[in-house]
Amino acid sequence: MARVPVLTLLSDSCRFSLGASILMQLLDSVLYAVLAWYIEAVWPGQYGVPKPWYFFLTKNYWIGSTGEDEILKLLLVYLR
């Protein structure tokens, strides 16, 4: 039985292109950026205000809060 180098076996059985490698790196970059954004928002460090773990599921995160919402909150606090 002849010994075949491992490198030859891998190169014959896997067709892995440079384009596939670049695409995987781009996808990894996007994944790591989203993960860093989330961790920074939930665990902001010593001087930040942490958001709840579900902050990206709230309506206020995506469309913001209006001035009316803030006024109503202040009125409710004042009237209590």
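**Q** Looking at this model, I keep getting lost on the overall build of the protein chain. Mind explaining?
**A** Of regular secondary structure, the protein chain possesses four helices and zero strands. Helices (α) and strands (β) of the protein chain occur, in sequence order from the N terminus, as α-α-α-α. Considering the protein chain as a whole, with its 80 residues, one finds that 4% of them fall into the buried category.

**Q** For this particular structure, what's the right way to read a nonpolar patch on the surface?
**A** Where nonpolar side chains cluster on the molecular surface, the patch consists of Val30, Val34, Trp37, Trp53, Tyr54, Phe56, Leu57, Trp62 and Ile63 and spans about 1000 Å² of accessible area. At the level of secondary structure, the elements contributing two or more residues to the nonpolar patch comprise α2 (18-42) and α3 (59-63). Considering each element in turn, the nonpolar patch owes the most residues, three residues, to α2. By the element assignment, Ile63 lies in helix α3.

**Q** Would you mind going over the packing of aromatic side chains with me for this structure?
**A** Note on aromatic pairs: each is described by the distance of the centres and the angle between the planes. Applying the stated criterion across every chain, the model contains eight aromatic pairs. Plain terms: the ring middles of Phe55 and Tyr61 are 5.2 Å apart, the flat faces sit at 85° to each other, and that makes the pair edge-to-face. Given the relative accessible area of 4%, Phe55 is considered buried. Ring pairs connect the aromatic residues Trp37, Tyr38, Phe55, Phe56, Tyr61 and Trp62, which therefore count as one cluster.

**Q** Please explain the confidence of the model for the protein chain as it appears in this structure.
**A** For any part of a model where pLDDT is low, the fine detail of the predicted coordinates should not be relied upon. Per-residue confidence for the protein chain gives a mean pLDDT of 83; residues scoring 70 or more make up 79%. Model confidence for the protein chain, summarised as mean pLDDT per element, is weakest for helix α1 (residues 6-13) at 56 and strongest for α2 at 95.

Calculation rules
Residues numbered from 1 in each chain as written. Predicted model: local features only at pLDDT ≥ 70, side-chain atom pairs only at ≥ 80, totals over all residues. Heavy atoms only, no water. Helix = DSSP H or I, 4+ residues; strand = E, 2+ residues; numbered from the N terminus. Buried < 20%, exposed > 50% of the residue type's maximum accessible area, 1.4 Å probe, protein only. Patch = residues over 30% accessible without salt bridge, like charges linked within 9 Å, V, L, I, M, F, W, Y side chains within 5 Å. Areas by Shrake-Rupley, 256 points an atom, 1.4 Å probe, with all protein chains shown as cover. Salt bridge = Lys/Arg side-chain N within 4 Å of Asp/Glu carboxyl O. Phe/Tyr/Trp six-rings, centres within 6.5 Å; stacked < 30°, edge-to-face > 60°. pLDDT = per-residue confidence, 0-100.

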